[in-house]
Amino acid sequence: MFRLADFNFHGRTVFLRADLNSPIEKGRIISDARFRAVLPTVKHLLEDGAKLVIGTHQSKPYKGDYTTTEEHARILSELLGQEVEYVEDIFGRYAREKIKGLEPGEAIILENLRFAAEEIKYKPLEECERTFFVRKLAPLIDYVVNDAFAAAHRSQPSLVGFARLKPMAMGFLMEREIKALTRAYGTDERPRVYVLGGAKVEDSLRVAENVLRNGKADLILTGGLVGHVFTLAKGFYLGDSNIEFMERIGLLGLVDRAEKILDDFYPYVRTPVDFAIDYKGERLEIDLLSDEKRLFDEHPILDIGSRTVEKYGDILKGARVIVANGPMGVFEREEFALGTVGVFKAIGESSGFSVVGGGHSIASIYRYNITGISHISTGGGAMLSFFSGEKLPVLEALRVSYERFKDGA
Ligand code: 3PG
């Protein structure tokens, strides 16, 4: 694959596909983690004299955090110490005029790419190449740099559509991500412990199936809704309120699949031994085997309990390789952050090589100043796809571009 060092960008127009999709609360971006992660690439391109066109998506149509990239432009400008102009257009005449007017060392950011209909479908590279987005912008662009690791599992025009038309290089972030994830996945060091939490249960089951079947993991620790599904699969009842909630969001259908994983790999998948519920507005911890378990009927489980954190912590201390994705509980509420923070801290304290990701949940790592993690991935779904053993469309596109242009074609 092409790297940034392979090209001289001076005076050339570069389309940088970043992933600045960020958590938003009350209309404001609440974490600049993905901005900071892409900064070295942006700086390199500008210092090299590129005319820089940045593109990102933000959420999906009709979701609460689906919005313009105006604030993205402001945050990026602040971090960079240089204006990144917000262009309220994607590939229309206004955007094209702005691109043509760029001077070396100047940058603009296009409107939320998912405001364009073509960008919200997943299509093969060949079809992405024929979109208006690609056809209108390609004549103005010399190089593409892809640093959107968090969207590497998406086959969309801005991510893969230019691969056969322009030399496409990976940015510094993409390179770091691929290197760290490949090391964690391919290593022979043992024990290799996977920690699967959060709400992306189906994706996590795919990871569990892949890494256990292919001998890539020695132990899996579960939490969050992934932990709920495995706990049910082990035959424990989690109370009416929790079951109803899981049914509402479509998770009960996954219990059979989790049971199959347990049937095949029983001792290698660990589930929480205690949980924390919201009892009259306060955190209350309940052992899975205690009588108080009846409180689960009326009160939602929002975190794993301290005994589980301790047990998981002991295992993580001895791990040589750790891969973790997703929170252990609703860490956004401080009283239910104990599980997530406790487990992430234990990972940070382990001397093994660790990779932690999970989209928005990595915000908690920064919020609680957790240090010592070898690689904090910007990827949530992308990281899960990688450890599921799937081919990531963006990595495939980078390969295609390299093959096409490596001899200077
Ligand atoms: C993410 O946050 O996982 C990436 O930005 C991809 O977003 P998507 O799941 O909406 O495609």
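Everything quoted here is computed from the prediction, not taken from an experiment.

Rules of the game
Residues numbered from 1 in each chain as written. Predicted model: local features only at pLDDT ≥ 70, side-chain atom pairs only at ≥ 80, totals over all residues. Heavy atoms only, no water. Helix = DSSP H or I, 4+ residues; strand = E, 2+ residues; numbered from the N terminus. Rg over C-alpha atoms; globule rule 2.2 N^0.38 Å. Contact = heavy atoms within 4.5 Å. Areas by Shrake-Rupley, 256 points an atom, 1.4 Å probe, with all protein chains shown as cover. Lys, Arg positive; Asp, Glu negative; His and termini not counted. Charge placed at Lys NZ, Arg CZ, Asp CG, Glu CD. Near = heavy atom within 4 Å. Polar contact = N/O pair within 3.5 Å; in protein donor to acceptor, adjacent residues only side chain to side chain. Pairing = 2+ DSSP bridges. Expected span 1.5 Å × (residues − 1). Core = buried A, V, L, I, M, F, W, Y, C linked by side-chain atoms within 4.5 Å. Buried < 20%, exposed > 50% of the residue type's maximum accessible area, 1.4 Å probe, protein only. Phe/Tyr/Trp six-rings, centres within 6.5 Å; stacked < 30°, edge-to-face > 60°. Lys NZ or Arg CZ within 6 Å of the ring centre and 35° of its normal. Axes fitted to C-alpha atoms, helices over the stretch in contact; angles between N-to-C directions. Parallel < 35°, antiparallel > 145°, perpendicular 65-115°, else oblique. Left-handed = near helix turned anticlockwise from the far one by under 90°. Nonpolar A, V, L, I, M, F, W, Y, C, P; charged D, E, K, R; others polar. pLDDT = per-residue confidence, 0-100.

S.K.: Can you break down the overall build of the protein residue by residue, with the values?
M.R.: If you tally the helices and strands in the protein, you get 16 helices and 18 strands. At 22 Å, the protein has a C-alpha radius of gyration in line with the 22 Å of a compact globule built from 409 residues. Across the protein, contacts joining residues at least 24 apart in sequence account for 76% of those joining residues at least 6 apart. A total of about 17300 Å² of accessible surface is found on the protein, and carbon and sulfur atoms cover 48% of it. Between the mean site of the 54 positive side-chain charges and the mean site of the 60 negative ones, the protein shows a separation of 5 Å.

S.K.: How would you sum up the site of the ligand? Please name residues and give values.
M.R.: The environment of the ligand is made up of Asp19, Asn21, Arg34, His57, Lys60, Arg114, Ala150 and Arg154. One of the side-chain nitrogen or oxygen atoms of arginine 34 is found 3.1 Å away from an oxygen atom of the ligand. Within the side chain of arginine 114, one N or O atom sits 2.8 Å away from an oxygen atom of the ligand. Contact with the protein chains covers 91% of the free accessible surface of the ligand, which is 310 Å².

S.K.: I'd like a rundown of the pairing of strand S14 (residues 282–287), residues and numbers included.
M.R.: Bridging between strand S13 (residues 274–279) and S14 involves six bridges; their strand directions are antiparallel. From the neighbouring strand, aspartate 274 faces S14, where its bridge partner is aspartate 287. Between the antiparallel neighbours S13 and S14 lie two residues, among them lysine 280 with a positive phi of about 55°.

S.K.: Which residues make up helix H8 (residues 201–213), and what are the values?
M.R.: The first and last C-alpha atoms of H8 sit 18 Å apart over 13 residues, in line with the 18 Å expected at 1.5 Å per residue. Immediately beyond the C-terminal end of H8, within one or two residues, lies glycine 215, with a positive phi of roughly 65°.

S.K.: Any details on the nonpolar core? Residues and values, ideally.
M.R.: Phe15, Phe162, Tyr194 and Phe387 are the most contacted members of the largest nonpolar core, which has 83 residues in total. Contact partners of phenylalanine 162, with chain neighbours within four places excluded, come to Phe15, Phe133, Val134, Leu137, Ala138, Ile141, Val144 and Pro157. Ranked by size, the runner-up nonpolar core spans 31 residues in total, among them Ala18, Leu45, Ile75 and Val84.

S.K.: Describe the pairing of strand S2 (residues 13–17), naming the residues involved and giving the relevant values.
M.R.: For S2, the tally of buried residues reaches five of five residues, placing the bulk of the element in the interior. Neither face of S2 is exposed, since Thr13, Phe15 and Arg17 on one face and Val14 and Leu16 on the opposite face are all buried. Sheet topology places S2 next to strand S5 (residues 51–55); five bridges connect them, and they run parallel. The residue bridging arginine 17 from the neighbouring strand is glycine 55, located in S5. Sheet topology places S2 next to strand S8 (residues 143–146); four bridges connect them, and they run parallel. Bridge assignment links leucine 16 to a residue of S8, and that residue is valine 145.

S.K.: Which residues make up the environment of alanine 116, and what values do they have?
M.R.: By the element assignment, alanine 116 lies in the loop between strand S7 (107–109) and helix H4 (125–129). The class of alanine 116 is buried, set by a relative accessible area of 11%. Once the C-alpha coordinates of alanine 116 and aspartate 89 are considered, the two residues, 27 residues apart in sequence, prove to be 9.5 Å apart.

S.K.: Can you lay out helix H13 (residues 338–349) for me, pointing to particular residues and giving the numbers?
M.R.: Here H13 contains 12 residues, and its C-alpha end-to-end distance of 16 Å stays within 8% of the 16 Å for a straight helix at 1.5 Å per residue. Three or more residues of H13 are buried, namely Gly339, Thr340, Val341, Val343, Phe344, Ala346, Ile347 and Gly348.

S.K.: Describe the environment of glycine 239, and please don't skip the residues or the numbers.
M.R.: Inspection of the secondary structure puts glycine 239 in the loop between helix H9 (224–233) and helix H10 (240–248). Taking the relative accessible area as the measure of exposure, glycine 239 reaches 3% and is therefore buried. Spatially, the C-alpha atoms of glycine 239 and arginine 270 are 20 Å apart, while their sequence positions differ by 31 residues. Setting aside anything within four residues of it in sequence, one finds glycine 239 in contact with Phe296 and Asp297.

S.K.: Tell me about the packing of aromatic side chains, and name the residues and values.
M.R.: To describe a pair of aromatic rings, one takes the distance between the centres and the angle between the planes. For the structure on display, the rule yields 15 aromatic pairs. Following the ring pairs from residue to residue traces out a cluster consisting of Phe2, Phe7, Phe9, Tyr143 and Tyr402. Sitting above the plane of the phenylalanine 132 ring, arginine 135 keeps its charged end 4.6 Å from the centroid. The aromatic ring of phenylalanine 353 is capped on one face by arginine 183, whose charged end is 3.8 Å from the ring centroid.

S.K.: A description of the packing of H8 against H9 should follow, citing residues and the corresponding values.
M.R.: Interhelical geometry of H8 versus H9 gives an angle of 70° and a closest axis separation of 9 Å. Compared by their axis directions, H8 and H9 come out roughly perpendicular. In this structure, H8 meets H9 at a crossing whose hand is right-handed. Contacts from Val201, Ser204 and Leu205 in H8 reach Leu225, Val226, Val229 and Phe230 in H9. Class assignment for the residues of the contact of H8 with H9 results in six nonpolar, one polar and no charged.

S.K.: Account for the sheet that holds S13, with residues named and values stated.
M.R.: An order of S14-S13-S15 is seen for the three strands of this open sheet, with the pairing classed as antiparallel. Two strands bound the open sheet, and with one partner strand each, they are S14 and strand S15 (301–304). Each adjacent strand pair in this sheet contributes to an overall mean axis angle of 35°, direction not counted.

S.K.: Lay out the side chain of histidine 57 in plain terms, naming residues and giving numbers.
M.R.: For histidine 57, the location among the structural elements is in the loop between S5 and helix H2 (70–80). Only 3.4 Å separates the side chain of histidine 57 from the side chain of asparagine 21, close enough to count as a polar contact. What histidine 57 contacts, discounting residues up to four positions off in sequence, is Arg17, Asp19, Leu20, Asn21, Asn112, Leu113, Arg114 and Ala151.

S.K.: Explain the confidence of the model for the protein to me, using residue names and the numbers behind them.
M.R.: Confidence along the protein averages 96 in pLDDT terms, with 100% of residues attaining 70 or more. Mean pLDDT in the protein bottoms out at helix H14 (residues 363–367), which sits at 83, and peaks at S2, which reaches 99.

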